[in-house]
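Structural description and commentary
Letter by letter, the chains look like this.
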Amino acid sequence: MDLKALHKISYGLYIITSRKENRHNGQVANTVFQISTDPLTIAISLNKNNLTNQFVKESKLFTVSVLAQDVPLSLISQFGFKSGREVDKFKGINYKQGSTGVCYLVDGILAYIEAEVIQVVDAGTHDIFIGKVTGAETLSEGEPLTYAYYHQVKKGGIPKTAPLPQLAIKENSGQSKVGKYVCSVCGYVYDPETGDPEHGVPPGTPFEALPEDWTCPLCGVGKDQFAKEE
Ligand code: FE
């Protein structure tokens, strides 16, 4: 079977948030889609190991924040590569509480959609939550971030709990260019041509010239966890 065929499926990228009483959490997900118009429903798929999955199961509430193409990688890092069991993901983030009490992000997103779970489907490693849309608002106009853009242009990796992580990392390391370095933990590719302007590293900076305390913009590990792209 050619698993790479699954890479031809296109996706967006979103932050899905939920709450458990007064605790709030959220995560990055690529699986959000509208199911029907009457009633208006959407579905999301969340790994069973993720804290957000637990919160959605208990509160039966979730909110989808639609990421903008120009969202800073640091926001994806905060929600995609850290666990809400260890850190408060909303610390230092601009957010608001919606009508269901679930928080949505304010910066780096185009719109948010609020939903109440009406059905849960056990799909193995993941649960599919079908939700009735109870609220929605557009916050800004712009291009939504797609999964393909995230990989190809933003050089982003994906966490272990996302579908198909091994394939995605392999795909990154296949783009063989001189001077690129790959994070062994998340698959982020450091490209000297683009540098890491978000963290003060100008374009044209070779990997070797990065400051010793520079860390992976996505998962936060040190330079020693990077290997030269073959
Ligand atoms: Fe990393």
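Coordinates for the structure precede this section.
Residues numbered from 1 in each chain as written. Predicted model: local features only at pLDDT ≥ 70, side-chain atom pairs only at ≥ 80, totals over all residues. Heavy atoms only, no water.

**Some points on the pairing of strand β9 (residues 126-138)**
Bridge analysis of strand β4 (residues 40-47) against β9 gives 7 bridges, and the strand direction is antiparallel. Bridge pairing in β9 places Leu46 opposite Asp127. Across 11 bridges, the pairing between strand β8 (residues 109-122) and β9 is antiparallel. Residue Tyr112 lies in a different strand from β9, and its bridge partner there is Glu137. Connecting β8 to the next strand, β9, in antiparallel fashion are 3 residues, including Gly124 with a positive phi near 95°. (Pairing = 2+ DSSP bridges. Helix = DSSP H or I, 4+ residues; strand = E, 2+ residues; numbered from the N terminus.)

**A word on helix α1 (residues 51-59)**
Buried within α1 are the following residues: Leu51, Thr52, Asn53, Phe55 and Val56. The inward-facing, buried residues of α1 abut β1 (14-20), β2 (23-29), β4, β5 (61-67), β8 and β9. (Buried < 20%, exposed > 50% of the residue type's maximum accessible area, 1.4 Å probe, protein only. Contact = heavy atoms within 4.5 Å.)

**With respect to the environment of Ala136**
For Ala136, the position within the fold is in strand β9. In the structure, Ala136 is positioned 61 residues away from Pro197 in sequence and 33 Å away in space, judged by C-alpha atoms. With residues near it in sequence (within four places) discarded, Ala136 still touches Tyr112 and Ile113.

**Considering the coordination of the iron ion**
Protein coordination at the iron ion: the donors are Cys183 (SG), Cys186 (SG), Cys216 (SG) and Cys219 (SG), at 2.3 to 2.4 Å from the metal. Coordination at the iron ion is tetrahedral: its 4 donor atoms span angles of 103 to 115° at the metal. Within one chain, the residues donating to the iron ion are spaced in sequence as C-x2-C-x29-C-x2-C. Of the two residues examined, Cys183 and Cys186, each falls in the buried class. (Donors = N, O, S within 2.8 Å, 3.2 Å for Na, K, Ca; no water. Tetrahedral: all angles 85-135°; square planar, octahedral: opposite > 155°, others 65-115°.)

**Here we look at unusual backbone geometry**
Following Asp38, the chain continues into Pro39 via a peptide bond in cis, with omega recorded as 0°. At Glu21, a residue that is not glycine, the phi angle is positive and equals roughly 50°. With respect to the helices, strands and loops of the structure, Glu21 is situated in the loop between β1 and β2. Judged by its relative accessible area of 65%, Glu21 falls in the exposed class. In the Ramachandran plot, Lys60 falls in the positive-phi region, its phi being about 60° despite a non-glycine side chain. In this structure Lys60 comes out as partly exposed when scored by relative accessible area, which is 44%.

**Regarding the side chain of Ser65**
The residue Ser65 is located in strand β5 in this model. The class of Ser65 is buried, set by a relative accessible area of 0%. At 3.3 Å, the side chain of Ser65 forms a polar contact with the backbone nitrogen of Leu105. Here Ser65 is in contact with Tyr14, Ile15, Tyr104, Leu105, Ile109, Ala111 and Tyr112, once residues within four sequence places are set aside. (Polar contact = N/O pair within 3.5 Å; in protein donor to acceptor, adjacent residues only side chain to side chain.)

**Quick look at the side chain of Ser18**
In this fold, Ser18 is placed in strand β1. Those residues within four positions of Ser18 in sequence are excluded, and the remaining contacts are Arg23, His24, Asn25, Thr52, Phe55, Val56, Ser59, Leu61 and Val102.

**Re the pattern of salt bridges**
Using the criterion set out here, one finds 5 salt bridges in the structure. Among the ionic pairs, Lys48 bridges to Asp122, the shortest N-O distance being 2.7 Å. With Lys48 in the loop between β4 and α1 and Asp122 in strand β8, the pair connects residues that are 74 residues apart, well separated along the chain. With a relative accessible area of 57%, Asp122 lands in the exposed category. A salt bridge links Lys57 to Asp127; its shortest N-O distance comes to 2.7 Å. Taken as a pair, Lys57 in helix α1 and Asp127 in strand β9 lie far apart in primary sequence, 70 residues in all. Residue class for Asp127 comes out buried when judged on its relative accessible area of 3%. (Salt bridge = Lys/Arg side-chain N within 4 Å of Asp/Glu carboxyl O.)

**Some remarks on the sheet that holds strand β12 (residues 226-228)**
Taken together, the 3 strands give an open sheet; going across it, the order is β11-β10-β12, and neighbouring strands pair in antiparallel fashion. Where the open sheet ends on each side, the last strands, each with one partner, are β11 (189-190) and β12. One ladder, built from 3 bridges, connects strand β10 (residues 181-183) with β12; its direction is antiparallel. Paired with Val182 across the strands is Ala227, a residue of β12.

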